[in-house]
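What follows is the residue order along each chain.
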Amino acid sequence: MTAAPENLQGVLDRAFSGIGQTLENFVPQLTLREVGKVISVATGIAKVSGLPGVGFEELVKFPGDVLGIAFNVDVDETGVVLLGQYQSLHAGDEVERTGRVMDVAVGDELLGRVIDPLGRPLDDKGSLTTNKRLPIERPAAAIMDRAPVTVPLQTGLMVIDALIPIGRGQRELILGDRQTGKTAIALDSILNQRGKNVICVYCAIGQRASAVAKVVANLREKGAMDYTVVVVAEGNDAPGLTYITPYAATSIAEYFMEKGRDVLIVYDNLTQHAEAYRELSLLLRRPPGREAFPGDIFYIHSRMLERATHLRAELGGGSLTALPIIETEAQDISAYIPTNLISITDGQIYLSPSLFELGVLPAVDVGKSVSRVGGAAQRAAYRAVAGDLKLAYAQFEELETFARFGARLDDDTRKIIEHGRRIRACLKQPEFTPVSVPAQITVLLALTANLFDPVLLEKMTDAAHAVQAAAETIPAEVSARLDTAAKLSDEDKKTIVEIARNALAPFQPRPEPEPEVKIESKAETKDNGKVKADANPKPEVKAEPKSGIKPEPQAEIKPKPETTPKEKS
């Protein structure tokens, strides 16, 4: 009974002895923290004092876990771009340095998720945990680390894959007025990457929440969210969030590229990004330039798009293809921001409002669109037909303008116009219906062989669908050579053209039946080349008998003269 209290006392003595030794050996360490104060808060920015060691683009922290990026580093004060809800900030609040730049979470866990540029989830799939983060501002790959663009990026849109091809690692600008189908082209390109081992990143910059929700719903419905990451900054977010969104999305895409994957990133759209940066710059008292944009507006886009490239095989061989979207006003592609981006990118796809109003979808203006790189990566089967097709289509567009004035056209001009109308009809394509490579090649070869010319225009849609369906009957060895062959052989062309000809047989116009030939009666005579019936046919003259006896002539009966009234009386 007395052993238990003695043992407990010993345990307590040893515990207190250990605590005493620890206290004696403890040496307090001081942690230096740079803390400043908020001078003023405006729309999306804050001016801070008391941070002498802060660096450019360093992340700072405000009360309520509001983050900001140091943008203007002056001697007396620092201009900070706020990255969140800043309504609770006031002058006099403390601000603290973090010692790091702005970064974003990256990893395979982001596939299928909708996040904001800070890495916070916006969908209903729970929290997001990743093991790696990358800074949003990273230097582009060096020139010696890059490889030529040699592999095509199939968008599933015939007018782009055939006439304005895009290669993996290219930067192709999509521009046009509002509501002309720019986002639809980007979404079709994402949907067509299913099963092609391409990761997609869709970056929504300053879009309406309803528009973003519709895009995400379409991607989920078509099964594209399995290989897609959606980064969103809504229109009512702080301008700082809108500004960093494309950089955060590019870092996420670079993570997959550095792992050897092919990545497609869509910036929708950079007009909102440029306007957000202009707003921040003017609030920070930076001098305005042309159209009130700051002088470095070209640099903020170029350093972002320069990160799109194709890495050499020693670095994994991954690629990052960029499709930036820009919105023009009244078809003015010579405005400040469109011309900047046209000079940065490797080509542009211009969407025409007039074609859109005519129902030509996608409304791609082939004359103003160009691809400066993708032609080198285009498949040989496309190159065999694309040159002649683009020339014929360009001639048609020029002649169509004159035909609208009711000018008299010769037979050759009329044939060019009719052929061009059928090219345009074949290039029409509904939204969210990508076309496979064999189907595209079959339709294009049928066009160059003039197989569609006899088909009526109102039946062109059904005829094109019939040819696309018939492309599934192409022999396997021929279909394999469409992807691998350096040149499409004449035998393969004949095989594909014959399949298209058989598919178009039901749409050929039937020959008109020949008019029936009537047997002329004896009473009909020809007068001036026309057959007319004689009102008073002459009596037939009978042959004289061989005996030489002539028949007696019949007495001629003369009509009686009419009597006058006097003679009657």
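Preceding this section is the structure that the text describes.
Residues numbered from 1 in each chain as written. Predicted model: local features only at pLDDT ≥ 70, side-chain atom pairs only at ≥ 80, totals over all residues. Heavy atoms only, no water.

## Re the overall build of the chain
Our working definition: Going along the chain from the N terminus, every DSSP run of H or I of four or more residues is numbered as a helix, and every run of E of two or more is numbered as a strand. When accessible area is computed with a 1.4 Å probe and restricted to protein chains, residues below 20% of their type maximum are described as buried, those above 50% as exposed, and intermediate ones as partly exposed. Using the Shrake-Rupley algorithm and a 1.4 Å probe, accessible areas are obtained, with residue cover drawn only from the displayed protein chains.
Helix and strand counts for the chain stand at 17 helices and 18 strands. Counting all 569 residues of the chain, 46% fall into the buried class. Just so you have it, the chain exposes about 31,400 Å², and 53% of that area is on carbon and sulfur atoms.

## Considerations on the sheet that holds strand E3 (residues 58-62)
Applied cut-off: Here, strands pair whenever DSSP counts at least two bridges between them. Orientation is described by axes fitted as lines to C-alpha atoms, over the contacting stretch for helices, and by angles from 0 to 180 degrees between their N-to-C directions.
The antiparallel closed barrel is built from 6 strands, whose spatial order is E1-E2-E5-E4-E3-E6. Averaged over all adjacent pairs, the angle separating strand axes in this sheet is 45°, with direction ignored. In this structure, E3 lies alongside strand E4 (residues 66-73), joined through 4 bridges in antiparallel fashion. Each bridged residue has a counterpart across the sheet, and for Val 60 the counterpart in E4 is Gly 68.

## Some words on unusual backbone geometry
Between Asp 268 and the following residue, Asn 269, the backbone shows a cis peptide bond with an omega angle of -10°. When you line up the elements, Asn 269 lands in the loop between strand E13 (262-268) and helix H6 (270-283). Of the consecutive residues Leu 361 and Pro 362, the connecting peptide bond is found in the cis state with omega at -5°. Even without being glycine, Glu 57 reaches a positive phi, approximately 65°. Take Glu 57: it is sitting in the loop between strand E2 (45-49) and E3. A relative accessible area of 19% means that Glu 57 is categorised as buried. Despite not being glycine, Gln 331 shows a phi value in the positive range, around 60°. Note on placement: Gln 331 falls in the loop between strand E14 (319-327) and helix H8 (336-344). When its relative accessible area of 39% is taken as the criterion, Gln 331 is described as partly exposed.

## Description of the nonpolar core
Among soluble globular proteins, nonpolar side chains are generally buried collectively. Threshold: Definition used in this section: a nonpolar core is a set of buried Ala, Val, Leu, Ile, Met, Phe, Trp, Tyr and Cys residues joined via side-chain atoms within 4.5 Å. The criterion used for residue contact is that any of the two residues' heavy atoms lie within 4.5 Å.
Formed by 137 residues in total, the largest nonpolar core has its most connected members in Ile 190, Leu 219, Ile 244, Ile 252, Tyr 267, Ile 349 and Phe 452. Ignoring any residue separated from it by four or fewer positions in sequence, one finds Leu 219 in contact with Leu 187, Ile 190, Leu 191, Ala 224, Met 225, Thr 228 and Val 230. Counting 15 residues, the second-largest nonpolar core is a separate cluster that includes Val 48, Leu 51, Val 60 and Ala 238.

## Observations concerning the sheet that holds E14
As a general point, the strands of a sheet are linked pairwise by backbone hydrogen bonds and lie either parallel or antiparallel. Ordered by their spatial adjacency, 8 strands build an open sheet running E8-E12-E11-E13-E14-E10-E15-E16, and the pairing between neighbours is mixed. Two strands lie at the open edges of the sheet, namely strand E8 (114-115) and strand E16 (370-371), each paired on one side alone. Where E8 and strand E12 (residues 228-234) come together, 2 bridges link them in parallel fashion. Within E12, the position partnered with Val 114 by the bridge is Val 230. Strands in contact with helix H5 (residues 239-258) are E8, strand E11 (198-207), E12, E13 and E14; relative to E11, the strand with the most contacts, it is inclined by about 175°.

## Describing the packing of H6 against helix H7 (residues 297-305)
For clarity, the threshold we go by: In this scheme, roughly parallel covers angles under 35 degrees and roughly antiparallel covers those over 145, while 65 to 115 is roughly perpendicular and the rest are oblique. Note on convention: near helix rotated counterclockwise from far helix by under a right angle means a left-handed crossing. Clockwise means right-handed. Polarity classes work like this: nonpolar for Ala, Val, Leu, Ile, Met, Phe, Trp, Tyr, Cys and Pro, charged for Asp, Glu, Lys and Arg, and polar for all others, with Gly in that last group.
Contact geometry for H6 and H7: axes closest at 10 Å, N-to-C directions at 135°. Relative to H7, the element H6 is oriented oblique. The two elements H6 and H7 cross, and the hand of that crossing is right-handed. The segment H6 lies against H7, with Leu 270, His 273, Ala 274 and Tyr 277 engaging Ile 297, Ile 300, His 301 and Met 304. The residue inventory of the contact of H6 with H7, partitioned by class, reads 6 nonpolar, 2 polar and no charged.

## Thoughts on the pattern of salt bridges
Note the following rule: Any carboxyl oxygen of Asp or Glu within 4 Å of a side-chain nitrogen of Lys or Arg constitutes a salt bridge here.
All told, the structure shown has 28 salt bridges when counted by the stated rule. In this structure, Glu 306 and Arg 171 form a salt bridge, with 3.2 Å as the shortest nitrogen-oxygen distance. Here Arg 171 lies in the loop between helix H2 (158-163) and strand E10 (173-176) and Glu 306 lies in the loop between H7 and E14, a separation of 135 residues in the sequence. Given the relative accessible area of 31%, Glu 306 is considered partly exposed.

## Points about the pairing of strand E6 (residues 94-101)
On a regular strand, each side chain points to the face opposite its neighbour's, so the side chains alternate between the two faces of the sheet. Across 3 bridges, the pairing between strand E1 (residues 35-41) and E6 is antiparallel. Directly across from Gly 36, in E6, lies its bridge partner Val 95. By the bridge criterion, 3 bridges tie E3 to E6 in an arrangement that is antiparallel. Bridge assignment links Val 60 to a residue of E6, and that residue is Arg 97.

## Focus: the side chain of Asp 103
Put simply, the test is: In protein, a polar contact requires one atom able to donate a hydrogen and another able to accept it; more generally it is a pair of N or O atoms within 3.5 Å, and residues adjacent in sequence count only if both atoms are side-chain atoms.
Structurally, Asp 103 can be placed in strand E7 (residues 103-106). Residue class for Asp 103 comes out buried when judged on its relative accessible area of 14%. Side-chain polar atoms of Asp 103 contact the side chain of Arg 100, separated by 3.1 Å. Contact partners of Asp 103, with chain neighbours within four places excluded, come to Arg 133, Leu 134, Pro 135 and Ile 136.

## Describing a negative patch on the surface
Selection rule: Patches here: salt-bridge-free residues with over 30% relative accessible area, like charges joined within 9 Å, nonpolar side chains (Val, Leu, Ile, Met, Phe, Trp, Tyr) joined within 5 Å. In this count, Lys and Arg are taken as positive residues and Asp and Glu as negative ones, while His and the chain termini are left out. Working definition for charges: the position is that of NZ of Lys, CZ of Arg, CG of Asp or CD of Glu.
Where like charges cluster on the molecular surface, the negative patch consists of Glu 275, Glu 327, Glu 329 and Asp 332. Position of Asp 332 among the secondary structure elements: in the loop between E14 and H8.

## A look at the packing of aromatic side chains
For clarity, the threshold we go by: Stacked, tilted and edge-to-face are the three classes applied to pairs of Phe, Tyr and Trp rings, where Trp contributes its six-membered ring and a pair requires centres within 6.5 Å; stacked means planes under 30 degrees apart, edge-to-face means over 60, and tilted covers the rest. By definition here, charges over rings are those cases where NZ of Lys or CZ of Arg is within 6 Å of the ring centre and within 35 degrees of the ring normal.
Going through the model one piece at a time under the given rule, you end up with 8 aromatic pairs. Consider the rings of Phe 71 and Tyr 243, whose centres lie 5.5 Å apart with planes at 90°: the pair is edge-to-face. A residue pair is termed long-range when its members are at least 10 positions apart, and Phe 71 in strand E4 and Tyr 243 in helix H5 qualify at 172 residues. Of the residues examined, Tyr 243 reaches a relative accessible area of 4% and is grouped as buried. The structure contains a cluster of three or more aromatic residues connected by ring pairs, namely Phe 56, Phe 71, Tyr 243, Tyr 247 and Tyr 277. For Arg 278, the ring lying beneath its charged end belongs to Phe 293, and the centroid distance is 4.3 Å.

## Let's talk about the pairing of E10
Alternating residues of E10 divide into Leu 173 and Leu 175 and Ile 174 and Gly 176, and every residue in both groups is buried. Summarising the sheet, E10 and strand E15 (residues 347-351) pair through 4 bridges and their orientation is parallel. Residue pairing across strands places Gly 176 opposite Leu 351, the latter belonging to E15. Two strands pair when backbone bridges link them, and E10 and E14 are joined in this way by 3 bridges, in the parallel orientation. If you follow Gly 176 over to E14, its bridge partner there is Glu 327.

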